[in-house]
Every structure is written in C-alpha cells, then in structure tokens.
Amino acid sequence: MSAAKKTHNTEDFLQMFRQMARIRTFEDNANQLYLSAKMPGLTHMYSGEEAVAVGICEALRMTDKITSTHRGHGHCVAKGADFKEMFCELLGKEEGYCRGKGGSMHIADQSNGNLGANAIVGGSMGIATGSAFTAKMLGKDDVTVCFFGDGATAQGLMYEVMNMAALWSLPVIYACENNGYSEYTRTEEIAAGSILGRAQAFGIEAHQVDGQDVLAVNALTEKLVDRCRKGEGPFFMELMTYRYHGHHVGDINREYYRSKQEEKDWKENRDPIIRFRSWLVAEGIATEAELDSLNADIRADASAAVEYALQAKYPDVSEVDMHVYAA
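Scoring rules and cut-offs
- Residues numbered from 1 in each chain as written.
- Predicted model: local features only at pLDDT ≥ 70, side-chain atom pairs only at ≥ 80, totals over all residues.
- Heavy atoms only, no water.
- Axes fitted to C-alpha atoms, helices over the stretch in contact; angles between N-to-C directions.
- Helix = DSSP H or I, 4+ residues; strand = E, 2+ residues; numbered from the N terminus.
- Parallel < 35°, antiparallel > 145°, perpendicular 65-115°, else oblique.
- Left-handed = near helix turned anticlockwise from the far one by under 90°.
- Contact = heavy atoms within 4.5 Å.
- Pairing = 2+ DSSP bridges.
- Salt bridge = Lys/Arg side-chain N within 4 Å of Asp/Glu carboxyl O.
- Buried < 20%, exposed > 50% of the residue type's maximum accessible area, 1.4 Å probe, protein only.
- 1 Å grid on protein atoms, 1.4 Å probe; cavity = no way out; pocket = protein on both sides within 12 Å on 5 of 7 lines; lining within 4 Å.
- Points joined across faces, edges and corners; volume = space filled by probe spheres on them.
- Nonpolar A, V, L, I, M, F, W, Y, C, P; charged D, E, K, R; others polar.
- Phe/Tyr/Trp six-rings, centres within 6.5 Å; stacked < 30°, edge-to-face > 60°.
- Lys NZ or Arg CZ within 6 Å of the ring centre and 35° of its normal.

S.K.: What is the right way to look at the packing of helix H1 (residues 10-35) against helix H11 (residues 288-311) in this model?
M.R.: For any two helices packed against each other, one specifies the crossing angle of their axes together with the interaxial distance. H11 packs onto H1 with a crossing angle of 40 degrees between their chain directions and a minimal axis gap of 9 Å. One element, H1, and the other, H11, form an angle in the oblique class. For H1 against H11, the interelement crossing comes out right-handed. Judged by residue contacts, Leu14, Phe17, Arg18, Ala21, Arg22, Thr25, Asn29 and Leu33 of H1 engage Leu291, Leu294, Asn295, Ile298, Arg299, Ala302, Val306 and Leu310 from H11.

S.K.: I'm lost on the sheet that holds strand S6 (residues 205-210) in this one. Help?
M.R.: Pairing between the strands of a sheet is mediated by backbone hydrogen bonds and can be parallel or antiparallel. Pairing is parallel in the open sheet, where five strands are placed in the order S1-S2-S3-S7-S6. The sheet is open, and its two edges are formed by strand S1 (65-67) and S6, each paired on a single side. Sheet twist, expressed as the average angle between the axes of neighbouring strands with direction ignored, equals 20 degrees. For S1 and strand S2 (residues 144-149), the ladder comprises three bridges, and the chain directions are parallel. Following the sheet pairing, Ile66 is matched in S2 by Val145.

S.K.: Explanation requested: unusual backbone geometry in the structure shown.
M.R.: A negative phi holds for most residues other than glycine; trans holds for most peptide bonds. In this structure, Pro234 follows Gly233 across a cis peptide bond, with omega equal to 5 degrees. For His323, which is not a glycine, the phi torsion comes out positive at approximately 65 degrees. Position of His323 among the secondary structure elements: in the segment after H11.

S.K.: Help me understand the pattern of salt bridges, please; the structure alone is not making it clear to me.
M.R.: Between side chains of opposite charge, a pair can form as their charged atoms come close. In this structure the tally under the stated criterion is 22 salt bridges. Close ionic contact of Glu205 with Arg227 constitutes a salt bridge, the shortest N to O distance being 2.9 Å. Of this pair, Glu205 sits in strand S6 while Arg227 is found in helix H8 (residues 214-229), placing the two residues 22 residues apart along the sequence. Of the charged contacts in the structure, one is a salt bridge between Asp210 and Arg275, with a shortest N-O distance of 3.3 Å. In this pair, Asp210 sits in strand S6 while Arg275 sits in helix H10 (residues 272-282), placing the two residues 65 residues apart along the sequence. We classify Arg275 as partly exposed; its relative accessible area is 23%. What you see here is one network of salt bridges that share partners, running through Glu94, Arg99, Lys101, Lys313 and Glu319.

S.K.: I'm lost on the layout of surface pockets in this one. Help?
M.R.: Over the atoms rolls a probe the size of a water molecule, and its path tells where empty space is left. Computed from the structure, the largest pocket encloses a volume of approximately 300 Å³. Lining the largest pocket are 20 residues, and of these His70, Val121, Gly149, Asp150 and Gly151 sit closest to its centre. Of all the secondary-structure elements, those providing two or more residues to the lining of the largest pocket are S2 and strand S4 (181-182). By residue class, the composition of the lining of the largest pocket is five nonpolar, nine polar and six charged.

S.K.: Explain the packing of aromatic side chains to me, please; I cannot follow it from the model alone.
M.R.: What the rule picks out here adds up to 12 aromatic pairs. Between Phe83 and Phe87, the aromatic rings sit 6.1 Å apart at their centres with planes inclined by 55 degrees, giving tilted as the arrangement. With Phe83 and Phe87 both in helix H4 (residues 83-90) and four residues apart, this pair spans about one turn of that helix. The residues Phe83 and Phe87 share a single accessibility class, namely buried. These aromatic residues form a ring-pair network of at least three members: Tyr181, Tyr184, Tyr256 and Tyr257. Over the face of the ring belonging to Phe83 we find Arg22, whose NZ or CZ atom lies 4.4 Å from the ring centre. The ring of Tyr308 is capped by Lys84, whose NZ or CZ atom sits 4.7 Å from the centre of that ring.

Written out as structure tokens, the structure is:
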C-alpha cells in the first residue's frame, strides 16, 4: 500500500474501508437477486474495482458531481447512496432513487451529486463536461469526475469533450477504469497506442495509478481536485483495476476470453479490500476483530435493505408518463 497522508485520521481510513466493504456487499447481494430470478434485467458487477470509486469519491465534497457507467453501483455507493433506495431501484420499486424506472444501469442520486449512470458506453462524458462548464460559468468551485471504462476510449464523444474541456480549462477529471477488458475483448486488442496519450494529445495532464490501492487513488485524486478548484483542470486518470465477474451477471463461462488462473491471481494477490485491511491492521488503525464486526454490521444492513425492497410497492400505473418530457 502507498504511504498514508498525515492529514488523514483513523476515521478517514475506516470510512474508506467501510465504503469498499459496502460496495462488495451490495454487489454480492445484487448478484444473488439476479441468480434467484428476483431482479428483472441484467446488471454489471463492480466487485474488484472498489478502490477506484472509494479512493476518488472520498476526495470529493457532496456538492461535487460524478457521472457513472453501466457498471455503476460502486460509484453510487461511494458517493453516498443508501442500500434501501438502491435495492428498491434494482427491483423496480417506487422508493428507489428513480422510482424504480432507472434500474441497475440508470441510477441517479442528485442529493449526493451523482448525475447518473449511463448504459451507453461513454455516454455520460458530455454530461460530465457540461456539469464542469456549468460550475465554471456560475463561479462555483465544484469539480466533476467522469467515470468510464477503457472500452469508452474508442468513442468519438470523448475527444470532442476533452477538446472543449482543455480549451476552456474546465474543472473535470476524466477517470478511465481500465479493468483489462472491453466486454469480452482484451484492452490491448481494442485500444491502439497509449490511453494516457489520448488525453495528452489535447494538452491534458494525465496520470496512471494502481486502481487496487485505495490510498494511492485517494492521494492522487485529492491533489487533482484541489488543482481543479484553483482553475488548473482538466485532468485525466487511468486507473489499473480488474472486474471479478464477467461483463454482466449472465457472463459466467469466461474461459474463452480469460483464464480462471488469471481471475484467481487477482482475487488472491491484488484484492483492494484484502490489501487495505492488511494495511489497517499492520498500522494499528484497527484490529481484525473490529473489522470483522464492521463487516458484520454492513452485511446485516444489506440483508435488511434487500428484504425491505422485496416487500416494497411498485409504482402505480398512473406514473407511466411521469418525468417523461418532450422537446
């Protein structure tokens, strides 16, 4: 693990661990809801990438904004979302963040600055850049982080918005979660050249960081966020990470595009939660027993939220055209 910043205190570190554990627990429960045929539609698991979402979002204020992806549960939880409203959304219930109409791939949580997930690959890049433009025009020091995967670097929209962001010095951070695969294809087979070079071509400062090291992610993000607030943006981050599950929950037999040994190696040797847990214990910040107790509380909260969501009401049929707008 990276060396801890002196400005952090015990609660900061425990909060990062807690948030990573909450994401992993949420995904475990969401996967079981799908496998037991209780959740409609597909979902895309974030397990394995927790240090990215938490390292970044713990460096943000509530008023700062994020945009998310089809693999967005982790971003949503890290930015402050509650289990109950999230599980209600996944199950199509009216108490969900979008009254059950967004589902897994379209959760938005405006109260915590989450402008929404997007099922279109790279689809939220324009939204994030527009959010940063708004902050600058209104004279606010809010920062926007745009999450996207390595596959989205093939989308033309990315280059249009980075060009504008660079020209106008917008307070936006483009965060590329490079988990090694674009759906079922290795990143190196779909992305020619350097991913960092894509941003550098526009004069945007770009950094690569170990996405399994929450402290390294957080330290870099804090520096870039502070500089964004001073008008020095935009910035680009490539976070090297890994997804444990397939592209979606139905992608179970993956040996035709990646080996079980590869997955085993990442889970056993590079798991972000295991690594951070070991660091917390070694530094004397928490004991194994204390972290076990914290995990037990999180699992209990998730179980209660799932049961609540399963019993919650569906939206009334009269809501079918609510929040539908025409130009």
